[in-house]
Structure formats: C-alpha cells, structure tokens
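# A look at the structure
Now for the letters of each chain:
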Amino acid sequence: MQSPNVKPATGRLGILTPGMGAVSTTFMAGVLSAKKGLTKPIGSLTEMGYIRLGKRTEKRQSLIREFLPFARLEDIVFGGWDIYSDNAFEAASKAKVLERDHLEPIKEELSKIKPMSAVFDPAFVKNISGPNIKKGKNKFDLAEQLRQDIRDFKKNNNCERIVMVWCGSTEAHLLPGAEHQTIEAFEAALKANSPNIAPSMMYTYAAIMEGVPYANGAPNLSVELPCLMKLAEDRGVPIAGSDFKTGQTLMKTIVAPGLKARLLGISGWYSTNILGNRDGEVLQDPDSFKSKEVSKLGVLETVLEPEKYPDLYGDLHHLVKINYYRPRGDNKEGWDNIDIFGWMGYPMQIKINFLCRDSILAAPIVLDLAQFLDLASRSGFKGVQEWLSFYLKSPLTKPGLKPEHDLQIQKLKLENTLRYLGREELINHLGLTYYGYDEGDASKIGN
Ligand SMILES: NC(=O)c1ccc[n+]([C@@H]2O[C@H](COP(=O)([O-])OP(=O)(O)OC[C@H]3O[C@@H](n4cnc5c(N)ncnc54)[C@H](O)[C@@H]3O)[C@@H](O)[C@H]2O)c1
C-alpha cells in the first residue's frame, strides 16, 4: 500500500555494513536464502510482522510490509567494508554461525560480495589485524575515501537509495570531548589526525554527508556525538543507535519491566556470559569491554528508576561479565541470577539460562533497522529516530530525554509511528469506549 506521507520504495536499496563478520554475513545470508524461498526471515517485523489498525471491533490487521512501502527483498543489494579480504561466503564460513547446507545454495551470491578496504585504527580495536586497510593523508582524507566508496557503490549497483548499519567490532570506550561538539571542530580534528576520532565516527560522518541513514549496532560512540547528531538534523538524515538488543539484554528488558510493574524489589542481578566468536575476542580488551559494559549496565538503572523506588531498587547490585570461551563460537550461553524480594521483604530467586545464538538474534535487527531507516528517510524524518529503540540496548534520544528501555513500550512507540505514517489512528489501549464510557479527548485515539 502507498501512504500519502511516504515516498514509494522504488528501485534498488543498497545496505552497506562497515564490518563483514558474523552478524553482517548472517544477515546477508538470511536475506538471500529468504529470497530463494529456502528459509523464512524469522524475527523480522518488516517481513513477517502484523499491525492492528483501527478499533478492535473493526478486526483490521495488516502485514507491516503491506501497510507501508518497503524495499522488496528482491531489490536489496549488499556491500560492506572489512579489514580482512574474505568475501561474504568465506567470512560466513569462518564465522561458523550457519551450516554448510544453508550456505551452499547461496554461495554464488555471497561470493560476489567483496569487502571494500576499511578505515581502521588498532588503537580502537586491539585484538585483530588485517590487510584490507585504506591509506590516506589524514583522517579527513580517509573519510573522503569512504564517501567516494558510497558514491561508487551506489552507481555501480544501480541503487536508488543506500542505508548503512555498523556491524564492525566494538571500539574502545571514549567520552565525547571538545572535538565532538561541533562539526567545525570535528572536521578540524579529522584534518589534524586527532587520536579522539575513531574509525566508526568517520564512517558515520561519511554516511551522513552522503545523505545515507545510519544505525550503530555496537556500543561505542559514533552517531551519538553531538556534532554528528546535529549534522544528521541539518542534512535531513535519519540516524539510530546504539548496540543491537539481543541475548541477555533482550531478556533483561523483557523481565525487568515485568518485575517492576508488579513492584517486586530487586537486590541483585548477576549476569555472566561465555562466547567464543571474534566479537568475544575483541571484548577481552578492557577498553572495548568498557563500551559494552556501559551499554549493558545502563538498562536496569533506567528501567527500575531507583531514585523513585529506593526501597525496591535503591540497593541493587548489578554485575555484568563476558568471558571469551572459544569452544562455544557464536553460540553464547548466558546466566542470570536475579535476587528479588516481595511482600514483607521475603526473598526469592529467578535463574535464566539462555543458550542463544548471537548473530541469529542480531541478523533480523539489521534488516529491520535498514528497512525502517529507509522508510524514515522516504517519510522526511531526520535526526534521531527514537521509535527504533525497540532494537537497541542504549537507545539514542534527543539530549535531555530519558531513553525508554521497556520492550513493550518501545514496540508501542514503533507501531504508533507506523500508524502515524500510514495516517491511521494511534492506539492507546485505554479501551473504555467498548464499555460505554466517555473517554473525552482520549477517544480521538484508538484503543
Ligand atoms: N551478535 C550480537 O548479538 C550483537 C549484539 C549487540 C552488538 N553486537 C555488535 O555487533 C558488532 C559485530 O558483531 P560480530 O559478531 O559480527 O563481530 P565480528 O567480529 O564477527 O565482526 C566484526 C567485523 O568488523 C570488522 N571490523 C573491525 N573494525 C572495522 C573497521 N574499522 N572497518 C571495517 N571493518 C571493521 C572485523 O574485521 C570483523 O570482521 C560488534 O561490535 C558487536 O559487539 C553484536
């Protein structure tokens, strides 16, 4: 269906990923496989999700992809950058997420996806090194080369639109400094080769300068910088971040809001993980782990609001550990021990043992973020897309706004944004009209 608010999704959509490792190649493989009808795009809202429209009595449901215009899988082309020269088939084989039986039927297509040379700085990612790296006069020159890559990719692949989703390794933790405040300071720092400009920031800058919507799938700082958020606003480019919400944090944002809704107290939440993929190896570096830890720890604090509920959450001990353990590969195992207390302070415990597959959980998020950012761009949305918080561990908001971590509220926000774009009434779930009550102003909103 075409919405009057949204431009149609004509022509080809290029999805570019800095980083062509486990997540990126699993994403590409899943789309190629779905295109051939071999597997279903499970976990993707834009492919399989429905949305309710109008009052419950109207019994109207639509597939999201029929309600608003999205790129068809047939019209999506992939590209990326990596420090290794492996094509997507080789990289997917080495990542060992997918089995031969799933890779062989799409070998030809995956083999054609060759990584462009990367902008890389070992100061930000310590445990890996590779040969496929750009050389340049300075960081500004390197960012210009990335811009040229985007233009070339678009032309050579006959794309109408491009989106970029960061699937590169987690970089070292950095706090925003003076060079990140304004675009003038940022560009001067690029030219001066400032050590405070990470490669991910250069990809983000290149994307926004080329009018390409950008999502940050890792916890390190890039699109969150004040200068880049402002640049995105000024250039009319939608952005989203940060850190794909998968595995343990996904569970946390499902369980914690539920416990809080029933005002059950929490005295401790101990989370530990083992994983053996390259991401896990990079996270052994304390600087990269710091980025991850900040992103993972923030979730509970924001959901539980200890300042408002000191008796329930004021003394919460929250610990997060990630251990690199090679035999597990991409199949992460996470353990959560949650010490809770109820009526009259009596203690109870919850144990969650999640044997998940990291990249299997992350791949549909890459597809949805790319599709929704492209939709946002065609709808004239610009700057921070808070309605995409649903997919992210550290949701990016306008400065001063508290992020929303509760998965169900995030879903409502996303769905209402889609209804808004499709000129359908918003739904607030009040529901009193069905029982004959006057809802006053609220009745203007569906329920
Ligand atoms: N899988 C998940 O569930 C999940 C969840 C949240 C966040 N993430 C994040 O997603 C990212 C990708 O995860 P993964 O499992 O695919 O990791 P991976 O190590 O398999 O792949 C990352 C790739 O990025 C490349 N790379 C590093 N720096 C680069 C640069 N500057 N330019 C281009 N390429 C670069 C590496 O060579 C590697 O091939 C990581 O940052 C990870 O923390 C993953």
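For the structure itself, look to the data block above.
Residues numbered from 1 in each chain as written. Predicted model: local features only at pLDDT ≥ 70, side-chain atom pairs only at ≥ 80, totals over all residues. Heavy atoms only, no water.

Before going further, it helps to examine the side chain of K252. Examined against the element boundaries, K252 turns out to sit in helix α11 (residues 247-261). One buried charged residue, K252, forms no salt bridge at all, with the nearest opposite charge on D336 at 4.5 Å. Non-local contacts of K252, meaning those with residues more than four positions away in its chain, are made with P257, W269, S271, L300, H318, V320 and D336. (Helix = DSSP H or I, 4+ residues; strand = E, 2+ residues; numbered from the N terminus. Buried < 20%, exposed > 50% of the residue type's maximum accessible area, 1.4 Å probe, protein only. Lys, Arg positive; Asp, Glu negative; His and termini not counted. Salt bridge = Lys/Arg side-chain N within 4 Å of Asp/Glu carboxyl O. Contact = heavy atoms within 4.5 Å.)

Turning next to the nonpolar core. Side chains that are nonpolar tend, in soluble globular proteins, to be buried together. In this structure, L110, Y391 and L418 are the most contacted members of the largest nonpolar core, which totals 56 residues. If you tally residues by element for this core, the top one is helix α15 (residues 358-378), at 11 residues. With near-sequence residues (within four places) excluded, L418 lies in contact with I51, I64, F67, L68, F372, L375 and W387. Judged by nonpolar contacts, the second largest core, of 51 residues, contains V77, W81, A172 and A218. (Core = buried A, V, L, I, M, F, W, Y, C linked by side-chain atoms within 4.5 Å.)

Not every one of the 31 residues close to the ligand is listed here, only the nearest: D82, V119, G168, T246 and R278. S169 has a polar backbone atom sitting 3.3 Å from an oxygen atom of the ligand. At 2.7 Å from an oxygen atom of the ligand is found a side-chain nitrogen or oxygen belonging to T246. Coverage of the ligand by the protein chains reaches 98% of its 840 Å² of free accessible surface. Broken down by element, the residue count for the shell around the ligand peaks at three residues, all from α15. Split by residue class, the shell around the ligand holds 16 nonpolar, eight polar and seven charged. (Near = heavy atom within 4 Å. Polar contact = N/O pair within 3.5 Å; in protein donor to acceptor, adjacent residues only side chain to side chain. Areas by Shrake-Rupley, 256 points an atom, 1.4 Å probe, with all protein chains shown as cover. Nonpolar A, V, L, I, M, F, W, Y, C, P; charged D, E, K, R; others polar.)

Looking now at the sheet that holds strand β8 (residues 238-241). With respect to topology, seven strands assemble into an open sheet ordered β5-β4-β1-β6-β7-β8-β13, the strand pairing being parallel. Edge positions in the sheet fall to β5 (116-117) and β13 (383-384), since each of these pairs with one other strand and no more. Across the sheet, α15 lies against β1 (12-18), β4 (76-82), β6 (159-166), β7 (214-216) and β8, angled at about 130° from β6, the strand it touches most. (Pairing = 2+ DSSP bridges. Axes fitted to C-alpha atoms, helices over the stretch in contact; angles between N-to-C directions.)

For helix α13 (residues 286-304), which comprises 19 residues, the first-to-last C-alpha distance of 27 Å matches the rise-based estimate of 27 Å (1.5 Å per residue) to within 8%. Turning to α13, its buried residues number three or more, namely S288, F289, S291, K292, S295, K296, V299, L300, T302, V303 and L304. On its buried side, α13 packs onto α11, β9 (265-275), α12 (278-282), α14 (310-313) and β10 (317-324). Downstream of α13 by a residue or two, E305 has a phi angle that is positive, lying close to 50°. (Expected span 1.5 Å × (residues − 1).)

Let's shift gears to the packing of aromatic side chains. Overall, the coordinates contain 10 aromatic pairs when judged by the stated rule. Taking 5.7 Å as the distance between ring centres and 75° as the angle between the ring planes, the aromatic pair formed by F70 and F372 counts as edge-to-face. On the criterion of sequence distance, the pair formed by F70 in the loop between α3 (64-67) and β4 and F372 in helix α15 is long-range, its members being 302 residues apart. By the burial criterion, F70 is buried, and F372 matches it. Connected via pairs of aromatic rings, a cluster forms that spans F70, F372, W387, F390 and Y391. The ring of F140 carries K191 above its face, with NZ or CZ at 4.5 Å from the centroid. (Phe/Tyr/Trp six-rings, centres within 6.5 Å; stacked < 30°, edge-to-face > 60°. Lys NZ or Arg CZ within 6 Å of the ring centre and 35° of its normal.)

This part takes up α15. For α15, spanning 21 residues, the distance from its first C-alpha to its last is 31 Å, which sits close to the expected 30 Å at 1.5 Å a residue. Burial analysis of α15 places 18 of its 21 residues in the buried class, the great majority of the element. Immediately beyond the C-terminal end of α15, within one or two residues, lies G380, with a positive phi of roughly 80°.

On to the pattern of salt bridges, then. Per the stated rule, a full pass over the model turns up 27 salt bridges. For E424, the salt bridge goes to R60, with nearest N and O atoms at 2.9 Å. Here E424, found in the segment after α16 (407-421), pairs with R60, found in strand β3 (residues 60-63); they are 364 residues apart in sequence, far enough to count as distant. The partner of K112 in a salt bridge is E108, with the nearest N and O atoms 3.7 Å apart. Exposure class is identical for K112 and E108. Each is exposed. One network of salt bridges, in which partners are shared, links E144, R147, R151 and E210.

In this section: the packing of helix α9 (residues 199-209) against helix α10 (residues 226-235). One way to put it is that α9 packs onto α10 with a least axis distance of 9 Å and a crossing angle of 10°. Judged by the inter-axis angle, α9 sits roughly parallel to α10. Seen from α9, the contacting residues are M201, T204, Y205, I208 and M209; seen from α10, they are L228, L231, A232 and R235. Class assignment for the residues of the contact of α9 with α10 results in seven nonpolar, one polar and one charged. (Parallel < 35°, antiparallel > 145°, perpendicular 65-115°, else oblique.)

A word on the pairing of β4. Within β4, seven of the seven residues are buried, which leaves the element mostly enclosed by the surrounding structure. Residues I76, F78, G80 and D82 point to one face of β4 and V77, G79 and W81 to the other, with burial holding for every one of them. Examined bridge by bridge, β1 and β4 share six bridges and lie parallel to one another. Paired with G14 across the strands is V77, a residue of β4. When β4 meets β5, the two strands line up parallel, connected through two bridges. Residue pairing across strands places W81 opposite M116, the latter belonging to β5.

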